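If you want the building blocks of each chain, they are given just below.
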Amino acid sequence: MKKLLFGLSLFAMALVFTASRSAADAQQQKRLAVYGVAFYNLENAFDTIHAPGKNDYEFLPSGSYKWTGMKYQAKLTNMSKVRSQLCTDKLKAGAAVIGVSEVENRAVVEDILRQPSLKGRGYRILHYESADHRGVECALIYSPRFFQLEDSLYVPYIYPEDAEHSKELPLGFTQTADGTINVLPLYGDTTHITRGFLVGVGRMAGERVAVIVNHWPSRGAASPIRERAGKQVRALCDALVKRYKGDVKMIVMGDLNDDPDNLSMTEGLKCKFTADKLTSDADLFNPWYHTLRKQGQGTLLYNGRWNLFDQILVSGNMVNRDYNLKHPKKPSELDLSGGLTFWQHAIFMRDYLFQQEGKYKGSPLRTTAGGVWLNGYSDHLPAQVYLIKEM
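Let us now look at the confidence of the model for the protein. Detailed conclusions should not be drawn from predicted coordinates in areas where pLDDT is low. For the protein, per-residue confidence averages 90 on the pLDDT scale, and 89% of positions sit at 70 or higher. Confidence drops under a pLDDT of 50 for residues 1–24, and excluding neighbours within four residues, the segment shows zero contacts in the predicted structure.

Structural data, given as structure tokens:
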């Protein structure tokens, strides 16, 4: 009998110990909240209807792409599939915010969000119509559960020659003494005007976060054209810091049409490649240099060479100064005393996003290539960032 009671006592102690561990694990899990941020170039997400004033004739049923309702629906299905899976490697709910480029208009984004794979996510849209002649826009898709939008603005891109000859409108905006940002209309030569900069300011994990979505001029334009974009966005970041008296964290994302170590990034945006080089909360940390130059990974393939144009940068007040990209830290090893903190970054990769055979095997599977409809996805791969906070 004594042996039986002793055995039951040990069993009870084991149960208590196990329950205590489970409770502690659950408490630890509750204390750490992870947020996903993503960007994806959708590659010509056009509808089949002509938009007055836009050069979208290729993407009409009578155009060179023979862009029919069937092809459009396939594009919607494919785009929603990718977006529904972004950041789900670590988060069942997916990304809190997703920046997109090369979408024709808000209606196309709405059509994507209506697809079955995204319909129940409750995503909302931030979009401004741009002056881009083709009608390829940027948009911000966000979940109000994780990002509560409070303010927004859209700043036009100003070409370098126009900025040099104007003392009044060099940045596309002015700022008053109290920090208010006033967006200004386009000016100068607008013959080749392109996308501007979409800004959404809201609350993530209870903190103010500004997200700037970009699609910079293409590689068909000279390097100074993109350097100018970098300088404008750098000035915009500084303006946001002044506007909110330092109480803001920043995420800069987009298809920048340059690699992390190009002049638009190093001189224009003044990015830092390692955390120990950050000297202020407003500095921008760019972890993608390590991804491209050290790991050999990119988001698009051109002439057999990977480029990494799709990037997500975070401000210095979201980064531990001792963060090492070669040896990323576990959440338990991060100093989270500063609130919402950069944890990890990754290129989103799935087998279905790549060509599986033929001459271009290993390249991102495009919607159309060489005039042939492939029913693919995009010529770009998405970029992802994970942020973490102790709650």
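Alright, that's what it looks like, and here's the rest.
Here we come to the packing of aromatic side chains. Under the criterion given, the structure shown has 13 aromatic pairs. Ring plane angle 10° and centroid distance 4.4 Å describe the contact between Phe273 and Tyr289, whose orientation is recorded as stacked. Separated by 16 residues along the polypeptide, Phe273 in the loop between α6 (263–268) and β11 (284–285) and Tyr289 in helix α7 (residues 288–294) bring together distant segments of the chain. The exposure class assigned to Phe273 is partly exposed, which follows from its relative accessible area of 24%. Ring centres of Tyr323 and Phe342 lie 5.3 Å apart, and the angle between their planes is 70°; on these two criteria the pair is classed as edge-to-face. With Tyr323 in the loop between β14 (310–315) and β15 (341–347) and Phe342 in strand β15, the pair connects residues that are 19 residues apart, well separated along the chain. Neither residue differs from the other here; Tyr323 and Phe342 are each classed as buried. Clustering of aromatic rings is evident, with ring pairs tying together Phe46, Phe59, Tyr65 and Trp67. Stacked on the ring of Tyr352, the Lys or Arg Lys81 has its end atom at 3.9 Å from the ring centre. Positioned over the ring face of Tyr386 is Lys90, at 5.6 Å from the centre of the ring.

With that settled, the discussion passes to the side chain of Arg234. Tracing the sequence through the fold places Arg234 in helix α5 (residues 223–243). Filtering out sequence-adjacent residues up to four positions away, Arg234 remains in contact with Gly268, Leu269, Ala282, Asp283 and Leu284.

Looking now at α5. Compared with the 30 Å implied by 1.5 Å per residue over 21 residues, the 30 Å span of α5 between its first and last C-alpha is a close match. Lys245, located one to two residues past α5, shows a positive phi value of around 55°.

Residue position: Gly179 is located in the loop between β6 (173–175) and β7 (181–183). Sequence-wise, Gly179 and Leu240 are 61 residues apart; in three dimensions their C-alpha atoms are separated by 8.0 Å. Those residues in contact with Gly179 that sit more than four places away from it in its chain are Lys242 and Arg243.

Here we come to the pattern of salt bridges. Overall, the coordinates contain 19 salt bridges when judged by the stated rule. A salt bridge links Asp132 to Arg195, with the nearest nitrogen and oxygen atoms 3.0 Å apart. Here Asp132, found in the loop between β3 (124–127) and β4 (137–142), pairs with Arg195, found in the loop between β7 and β8 (197–204); they are 63 residues apart in sequence, far enough to count as distant. An identical accessibility class is assigned to Asp132 and Arg195; each is buried. Where salt bridges share partners, they join Arg106, Glu110, Asp111 and Arg114 into one cluster.

Rules and cut-offs
- Residues numbered from 1 in each chain as written.
- Predicted model: local features only at pLDDT ≥ 70, side-chain atom pairs only at ≥ 80, totals over all residues.
- Heavy atoms only, no water.
- pLDDT = per-residue confidence, 0-100.
- Contact = heavy atoms within 4.5 Å.
- Phe/Tyr/Trp six-rings, centres within 6.5 Å; stacked < 30°, edge-to-face > 60°.
- Helix = DSSP H or I, 4+ residues; strand = E, 2+ residues; numbered from the N terminus.
- Buried < 20%, exposed > 50% of the residue type's maximum accessible area, 1.4 Å probe, protein only.
- Lys NZ or Arg CZ within 6 Å of the ring centre and 35° of its normal.
- Expected span 1.5 Å × (residues − 1).
- Salt bridge = Lys/Arg side-chain N within 4 Å of Asp/Glu carboxyl O.

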